[in-house]
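# Close look at the chain arrangement
Below, each chain spelled out in residue letters.
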Amino acid sequence: MRVALLTEGARPHPDRGAGAWCERLAEGLPEHEFELYLLTGPDGPGPGARPSPAWHGAHHLALWGRRPRGRAPGALRRRQYARAYEELVRALVLPGERAGFGAGLYRLAALAREDGGTLPAFLASAHARRVLERTWRLPGANTSAGQPLVRDVLVAADLLEQCLRPLSAPWYGTGPGGLGTADLCHVVGGGPAALPALVARQLHGVPFVVTEHGLHLREQYLGYREAPYRWPVRALLLSFFRALTEETYRQAAILTPGSAHDQQWQRRCGADPARTRVVYEGTPAVDRPAAGPEPERPTLVWAGPLEPGRDAELALHAFARVRAELPAARLVLYGEEAAPGYRAHCAAVAERLGVSAAVDFAGRPGSLAEAWQGGTVAVFSALSQRSPRLLADAMLSGRAVVSTDVGVAREVVGPTGLLVPARDPRALAGACLALLRDEERRSRLGLAGRLRAQERFAVEPVTGAFREIYLELVSQYPAFPEGGGAGQGGRAPRPFARPAEYWLSDGPAGGPVGGRAEHGDEDRDGPGDEDREDGREDGAAAPGPYAEHADGALAPGPRRRAGQLAALTVLAEPPARPDPARIDQARPDPARPVGPALAEAV
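Rules behind the numbers
Residues numbered from 1 in each chain as written. Predicted model: local features only at pLDDT ≥ 70, side-chain atom pairs only at ≥ 80, totals over all residues. Heavy atoms only, no water. Helix = DSSP H or I, 4+ residues; strand = E, 2+ residues; numbered from the N terminus. Buried < 20%, exposed > 50% of the residue type's maximum accessible area, 1.4 Å probe, protein only. Contact = heavy atoms within 4.5 Å. Areas by Shrake-Rupley, 256 points an atom, 1.4 Å probe, with all protein chains shown as cover. Pairing = 2+ DSSP bridges. Core = buried A, V, L, I, M, F, W, Y, C linked by side-chain atoms within 4.5 Å. Phe/Tyr/Trp six-rings, centres within 6.5 Å; stacked < 30°, edge-to-face > 60°. Lys NZ or Arg CZ within 6 Å of the ring centre and 35° of its normal. Axes fitted to C-alpha atoms, helices over the stretch in contact; angles between N-to-C directions. Salt bridge = Lys/Arg side-chain N within 4 Å of Asp/Glu carboxyl O. pLDDT = per-residue confidence, 0-100. Patch = residues over 30% accessible without salt bridge, like charges linked within 9 Å, V, L, I, M, F, W, Y side chains within 5 Å. Lys, Arg positive; Asp, Glu negative; His and termini not counted. Charge placed at Lys NZ, Arg CZ, Asp CG, Glu CD. Polar contact = N/O pair within 3.5 Å; in protein donor to acceptor, adjacent residues only side chain to side chain.

## Notes on the overall build of the chain
Broken down by element type, the chain carries 22 helices and 14 strands. When burial is assessed residue by residue, the chain has 49% of its 602 residues classed as buried. Here the contacts in the chain between residues at least 6 apart in sequence split such that 69% fall between residues at least 24 apart. On the chain, roughly 27600 Å² of surface is accessible, and the fraction owed to carbon and sulfur atoms is 52%.

What follows is the structure in structure tokens.
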């Protein structure tokens, strides 16, 4: 099947991140055709970036930066754009009209697809800014973050234009590279990358899967706390991302969060638990050998960005208690400064506690494997643990792990490590001392943690899980004429591109699919089929038992499906002795022609 993988950033390119998750997925499922649809920065994927051979095609769209060139819509079209844009903005600022977000979004996408290139020009126009300002200041609008000023309108209009830019991407349709020819879409990361999948589902009925390793909406809430915008702008953009997330969760066929912790967040955002499955993020580090012998001196190793959320200060307070019991102990902190001045603050804390001589701020390590190699126990003191990657990497080293019981820590570590409450230096120091004093226990927990991480974060279970999800989706969602099996866009027809239930239905629109009859009947079903009881216009000949579709395949005509289904019922439930009444009931009228398959079934 053809899978359209949509993501944001440059991670799938080998020169910007070898062994990235998207690339590993495409390489692990070589039986499928993966095409990459990448939302990049203003400079694109880079002059020397070449997609991996795993991709059967690569398409890029600059999401941020300079607006793409395009003509402005005319007066009549501008009014239509304005009505759709106003509906979308009202859903963002008026609490009672949040349900209109999807309608405004899809209307903008339809207009952009009809005109081709005029949506960014409209969203950047003075007319769009006036619509935003007027709607933002309506009575009842949510202005708890403050009244918007003129500069807020200008900044918010520019940011909304960039967020909605994927609606005007040249990816929709049934030609080469169009999402209409995909069997399914796979969104990795959420956010604006989900917009093309939403449009493809709306236009062509293509189902899509959403994979989030760290929730996009949660990261936006955390990032906008430090964004260089006034609070009214932050509130408006966060309202947009929240509405987009809710619409994505509502329309997605299956959601695959990277942990059960993320799954709980998704449910709070409206995700259906029946359509949610946890698929852990696989890592090639499972094949890495375990760390070698422990260092001679008892050493606690801490790794992560130096920022208040990681709470390196808690590790320093706990280490002061450890050093009071074990004077030979030392603490090594790996990581770069993520918050200005935080490293100097931690150094001052170590100096005040009198342990600065035994604390080493080692900066960024050459590799995480080297960091764990130089420690006796791996320590995590974060206030929130959103991603399991760092914990799993420490466990794969074979070192015993001590972590605060926050976020995904309990789910990842389980019974193979020690969990302590957050902001409790006494508990953290006690757990570290218990492991530093018991070599046999350290070894036992380290081995158990390594086996647990290898089982949960291997690459093969991830690809196997998505292989099953893909097959399940294409079996539940019938392929449409745009689904790639009709030979459109220069592609040769592929066998079994459509499931069997498609051929037993009345076509994608619910009405008879016209075509040439198998037995030489040249007449086709007309638009007035409902005028006659037998589905024919006055003077029109009855269609044959098997009608020919556009791609050359033969499908049963509308007047033969009832008899065919009855015959299939007889074959599915064979009685012990033939029942003449049931056979006669399923037998078609002998005065009318019978196709070979139907005659054989009867």
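That shown, we press on.
## Side note on the pairing of strand E9 (residues 359–363)
As defined by bridge partners, strand E8 (residues 330–334) adjoins E9 across 4 bridges and the pair is classed as parallel. Looking across to E9, one finds that Leu331 is bridged to Val359.

## Quick look at the nonpolar core
Formed by 73 residues in total, the largest nonpolar core has its most connected members in Tyr85, Phe101, Leu108, Leu132, Leu167, Cys185 and Phe240. Contacts of Leu108, omitting those with residues within four sequence positions, involve Tyr81, Ala84, Tyr85, Leu88, Leu119, Leu164 and Leu167. Grouped together as the second largest cluster of nonpolar side chains are 37 residues, Leu300, Trp302, Val349 and Leu433 included.

## Topic: the environment of Cys163
By the secondary structure assignment, Cys163 is in helix H6 (residues 150–163). In this structure the C-alpha to C-alpha distance between Cys163 and Leu237, which are 74 residues apart in sequence, comes to 9.3 Å. Not counting chain neighbours up to four residues away, the residues in contact with Cys163 comprise Trp64, Pro192, Leu195, Leu237, Phe240 and Phe241.

## A few points about the packing of aromatic side chains
How two aromatic rings sit relative to each other is given by the distance of their centres and the angle of their planes. Throughout the structure, instances matching the rule amount to 13 aromatic pairs. Between Tyr37 and Trp171, the ring centres sit 5.1 Å apart and the planes meet at 70°, which makes this aromatic pair edge-to-face. Linking Tyr37 in strand E2 (residues 33–40) with Trp171 in the loop between H6 and strand E4 (184–188), this pair joins segments that are 134 residues apart in sequence. Like Tyr37, the residue Trp171 is buried in the burial classification. Relative to Phe240, the ring of Phe101 lies with its centre 5.9 Å away and its plane at 70°, an arrangement referred to as edge-to-face. One end of the pair, Phe101, is in helix H3 (residues 101–115); the other, Phe240, is in helix H9 (residues 231–251), with 139 residues separating them in the sequence. The same class applies to Phe101 and to Phe240, which are both buried. Among the aromatic residues, ring-to-ring pairing joins Trp21, Phe34, Trp55, Phe466 and Tyr470 into one connected group. Above the ring of Trp265, the side-chain terminus of Arg218 is found at 5.2 Å from the ring centroid.

## Digging into the sheet that holds strand E3 (residues 55–62)
With parallel pairing, the 6 strands of this open sheet are ordered in space as E3-E2-E1-E4-E5-E6. With partners counted over all chains shown, the strands left at the sheet margins are E3 and strand E6 (254–257), one partner each. Strand-to-strand twist across the sheet, computed as the mean angle between neighbouring axes with direction ignored, equals 20°. Helix H1 (residues 21–28) contacts strand E1 (2–8), E2, E3, E4 and strand E5 (208–212) of the sheet and is inclined by roughly 150° relative to E4.

## Comments concerning helix H8 (residues 216–223)
For H8, the complete set of buried residues consists of His216, Leu217, Arg218 and Gln220. Tucked inside the fold, the buried residues of H8 contact E1, E5, H9 and helix H10 (260–268).

## Regarding the pairing of E2
Burial of E2 is extensive: 7 of the 8 residues sit out of reach of the surface. Of the pairings in the sheet, the one linking E1 to E2 comprises 7 bridges and is parallel in character. Along E2, the bridge assignment pairs Ala4 with Glu35. Relative to E3, E2 runs parallel, the two being bridged by 7 bridges. Bridge pairing links Leu38 to His60 in E3.

## Here's the deal with the pattern of salt bridges
Side-chain pairs of opposite charge can arise where the charged atoms are in close proximity. Counting across every chain of the model gives 21 salt bridges. Close ionic contact of Glu247 with Arg250 constitutes a salt bridge, the shortest N to O distance being 2.4 Å. Here Glu247 and its partner Arg250 are both found in helix H9, 3 residues apart, which amounts to about one turn of the helix. Residues Arg410 and Asp405 are paired through a salt bridge, measuring 2.4 Å at the closest nitrogen-oxygen approach. A residue is classified by how much of its surface remains accessible, and Arg410, at 52% relative accessible area, is exposed.

## Section: the confidence of the model for the chain
Per-residue pLDDT for the chain has a mean of 81; in total, 76% of the residues score no lower than 70. The model gives residues 506–578 a pLDDT under 50, and that stretch makes 113 contacts with residues more than four places away or in other chains. pLDDT under 50 marks residues 580–602. Its contacts with residues more than four places away, or in other chains, come to 32 contacts.

## Topic: a positive patch on the surface
Together, Arg78, Arg79, Arg83, Arg107 and Arg130 give the surface a local cluster of positive charge. Residue position: Arg78 is located in helix H2 (residues 75–93).

## Some details on unusual backbone geometry
Located in the positive-phi region is Asp311, a residue other than glycine, with phi close to 55°. Summarising the element assignment, Asp311 is placed in the loop between strand E7 (299–303) and helix H11 (312–325). Given the relative accessible area of 11%, Asp311 is considered buried.

## With respect to the environment of Tyr37
The buried category is assigned to Tyr37, whose relative accessible area is 0%. Here the alpha-carbon distance between Tyr37 and Pro196, two residues 159 residues apart in the chain, equals 9.1 Å. Excluding anything up to four places from it in sequence, Tyr37 contacts Arg2, Ala4, Leu5, Leu6, Thr7, His59, Trp171, Gly177, Gly178 and Leu179. Within the structure, Tyr37 has its side chain in polar contact with the backbone oxygen of Gly177 (distance 2.7 Å).

## Overview of the side chain of Gln220
Along the chain, Gln220 falls in helix H8. Overall, the relative accessible area of 18% leaves Gln220 in the buried class. Those residues in contact with Gln220 that lie beyond four places of it in its chain are Leu238 and Phe241.

## Observations concerning the sheet that holds E8
Taking strand neighbours across the sheet as the criterion, the 6 strands line up as E9-E8-E7-E10-E11-E12 in an open arrangement whose pairing is parallel. The outermost strands of the open sheet, each flanked by one partner alone, are E9 and strand E12 (418–420). Taking each pair of neighbouring strands and ignoring which way they run, the sheet shows an average axis angle of 20°. Examined bridge by bridge, E7 and strand E10 (residues 377–380) share 3 bridges and lie parallel to one another. Bridge pairing links Val301 to Ala378 in E10. Strands in contact with helix H17 (residues 439–456) are E10, strand E11 (400–404) and E12; relative to E11, the strand with the most contacts, it is inclined by about 80°.

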